[in-house]
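Fold and contact review
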Amino acid sequence: MMLQLLRSKDTKPYSIRATRREFLKQLGGFFALGILPFRTERRVILRPPGATRDFLQRCIRCGKCIEACPYDSIRALDITAGASIYTPYIDPLETPCYLCLQRGPDGIDRPISKYLRCGDACPTGALKRIRNTRKVLEHLPDELKIGVSKIDRRLCLSWQYDSCGECYYNCPLKDKALRDRPPNEIIKVGTGVRPYVDPDYCTGCGMCNYVCPVKERIARSYMDRSIKLTYFEERYAAMVRNVIGSAGGRVRLPAIKVERIV
Amino acid sequence: MGRKKLKALYIRRLVQLIVLAGIILIPFYSQNPYQWSPSRIVLGHLPPPRVLPVSGDTWAISFGNFTLIHPLAFVDYIVSTKSIYLPLIGAVVIPLVLTLLLGRIFCSWLCPMGFIFELNQKINNLMGRIGLRWSFRIRDYRFVFFTILLIAAFFFAIPALSVFDPPHILAREFMFIFTHHQVSLTGTLFILIFLLIEAFSVKRLWCNRLCPSGGGLSLLGAKRVLNIRMDKELCIKCGKCDDACPYDLKPMMLSEDREIDWLKCDNCGLCRDVCPVSAISYHLGMRKRIEK
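Residues numbered from 1 in each chain as written. Chains lettered and ligands numbered in written order. Predicted model: local features only at pLDDT ≥ 70, side-chain atom pairs only at ≥ 80, totals over all residues.

**Description of the overall build of chain B**
- Within chain B, the secondary structure is distributed over 12 helices and 5 strands.
- At 21 Å, chain B has a C-alpha radius of gyration in line with the 19 Å of a compact globule built from 292 residues.
- Taken along its principal axes, the extent of the C-alpha atoms in chain B is 75 × 50 × 40 Å.
- Within chain B, the proportion of its 292 residues that are buried is 37%.
- A separation threshold of at least 6 residues defines the contact pool for chain B, and within that pool the share at least 24 residues apart is 70%. (Helix = DSSP H or I, 4+ residues; strand = E, 2+ residues; numbered from the N terminus. Rg over C-alpha atoms; globule rule 2.2 N^0.38 Å. Buried ≥ 20, exposed ≤ 12 C-beta atoms within 10 Å, placed from the backbone. Contact = placed C-beta atoms within 7 Å.)

What follows is the structure, encoded as structure tokens:
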């Protein structure tokens, strides 16, 4: 009820009452969220899958992995990166790594190429060539592991409200890396889909990071009315604000984050 | 005089245009068209993957499974990793042998930045005629720059040569535009600054004085087989070849039994094209030492 009132759009710009109400609303929001209560994680830079430990030595910056990537997930660093200028990276908040998979209408992910295409294109072996089959991906060779996801349960909508599950449904290794139950337990906890990350199987592709609705944009839309939310974002907007408000402190968005390994 | 010779310039321009077109078109066709749409892509609704058999730029290029690598990329890799990756040897054989035999023909026949700088040189000539050119003298720093980058590559374990290779920078610019829809300030500024300097000041400053890749290729092609040769009987000492040479090498000195700076010559063939009596020609075989 309260939230609906807050989001009502029947304010009249020429009425003093309405503008004051608008002002109070913004003020209330300001205090509820605190001054800059949320921070986006310092830009996480993942290397493409198959990156070796001596990646920076071996990469001759030819850019072929960037051209080979079917989803343009891989980008090149610029001069701000210093000596690693022109090396490829993946920013999961922009575009995650899709592991060269394509989800069919039946919900099953199928590989679109024989090998992961960045590793196949690399001429110097900086990215290892990895066969792109479900079996190999689930076995998780060490070269494939580029990061590991971590869930912040204070911010996760599923942990707070039993309602989201976006990361679980979009995970390329669903039921393996991201689970709806603890990795070592058989009994489900709770009623909704509460995500658990199994660090033994998580490749760090960043898909969960990408689809997580607890985003800075949505949180800011509370104070900044110029931000237009999509239908998908609107669905979670009220919950996201509440979750950030109740988590307090200086939390980092989104709720599920990838930590870089290589 | 003989029959009318085929100008090397025409073939060279054709090859250069093909390389430039490839550098623009390869990233254009390898981009993901769905990235232009503002909606988000999740694993459920995915764009059709584009498969292009050709990928890469002048630094490393692949036709299907067949890869070619710039000889300096190979040197760079060995120096920075202190090891040899065996598939690289197969990729580098053809370019390396061509460079050892024919000299730095990469600079004159393939390099797209060299092509742009050559066109820019015409603006420089125009500015010289108008009187808008402020030239200054500068020494040849190509080998110094090349050595510094190799030392950096060895001690900091980063392939430093690749960062200062202009055709690679140009190709990276087009890749930035077509795959990320942005322009990187690094490469654009680099290219614009040198275009401006070369238009209003020193002629061919980068290729002639600073380019570390050009220096490296010069050293690789020091003992080359393909050279220009001057026929002393035919030469009428008109001086046209001296004007035509983009590196101010003064090929007319050859008719007076004096050496030119062979390390700098990149076999572009401009002096051969411009000679009215066909005294200058390409010659396959070792250079004869001229006795003083």
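Having seen the model, we can carry on.
**Observations concerning the domain arrangement of chain B**
Residues and elements named next belong to chain B.
- The domain boundaries assigned to chain B delineate domain 1 (8–31 + 52–220) and domain 2 (227–284).
- In this structure, domain 1 and domain 2 have C-alpha centres spaced 25 Å apart.
- On the domain 2 side, the residues contacting the 14 residues of domain 1 number 11 residues.
- Elements with a minimum of two residues in the side of domain 1 that touches domain 2: helix H1 (8–30), helix H4 (105–110) and helix H5 (112–130).
- Looking at the side of domain 1 that touches domain 2 residue by residue, the class counts come to 5 nonpolar, 5 polar and 4 charged. (Domains from an automatic or database assignment. Nonpolar A, V, L, I, M, F, W, Y, C, P; charged D, E, K, R; others polar.)

**Points about the interface of chain B and chain A**
- On the side of chain A, 36 residues touch chain B, which itself brings 41 residues to the contact.
- Counting only elements with at least two residues in the side of chain B that touches chain A, the list comes to H1, strand E1 (54–56), strand E2 (60–63), strand E3 (66–69), helix H2 (71–81), helix H3 (86–102) and helix H7 (166–180) of chain B.
- Its residues placed into classes, the side of chain B that touches chain A shows 21 nonpolar, 16 polar and 4 charged.

**Here's the deal with the nonpolar core**
- Ranked by internal contacts, the top residues of the largest apolar core, which has 107 residues, are Cys65(A) and Cys118(A).
- For Cys65(A), the contacting residues outside a window of four places in its chain are Pro48(A), Ile74(A), Pro88(A), Cys118(A), Ala121(A), Cys122(A) and Leu127(A).
- Core analysis: the second largest hydrophobic core is formed by 12 residues, Ile228(B), Cys268(B), Cys271(B) and Ala279(B) among them. (Core = buried A, V, L, I, M, F, W, Y, C linked by C-beta atoms within 7 Å.)

**What about the sheet that holds E1(B)?**
Residues and elements named next belong to chain B.
- Spatial ordering of the open sheet is given by E1-E2-E3, a layout of 3 strands whose pairing is antiparallel. A strand with exactly one partner marks an edge of an open sheet, and here the two such strands are E1 and E3. In this sheet, adjacent strand axes meet at a mean angle of 15 degrees when their direction is disregarded.
- Relative to E3, E2 runs antiparallel, the two being bridged by 4 bridges. Looking at the pairing, Ile61 lines up with Leu68 of E3. (Pairing = 2+ DSSP bridges. Axes fitted to C-alpha atoms, helices over the stretch in contact; angles between N-to-C directions.)

**Observations regarding the environment of Pro88(A)**
Residues and elements named next belong to chain A.
- Residue placement: Pro88 occurs in strand E3 (residues 88–90).
- For Pro88, a count of 28 C-beta atoms within 10 Å gives the class buried.
- Expressed as a C-alpha distance, the spacing of Pro88 and Leu77, which sit 11 residues apart in the sequence, is 6.4 Å.

**Describing the domain arrangement of chain A**
All names here are of chain A.
- Here chain A is partitioned into domain 1 (29–42 + 148–260) and domain 2 (55–145).
- Counting from both sides, the interface comprises 12 residues of domain 1 and, opposite them, 14 residues of domain 2.
- The biggest single contributor to the side of domain 1 that touches domain 2 is helix H9 (residues 207–211), with 3 residues.
- Residues that form the side of domain 1 that touches domain 2 fall into these classes: 7 nonpolar, 4 polar and 1 charged.

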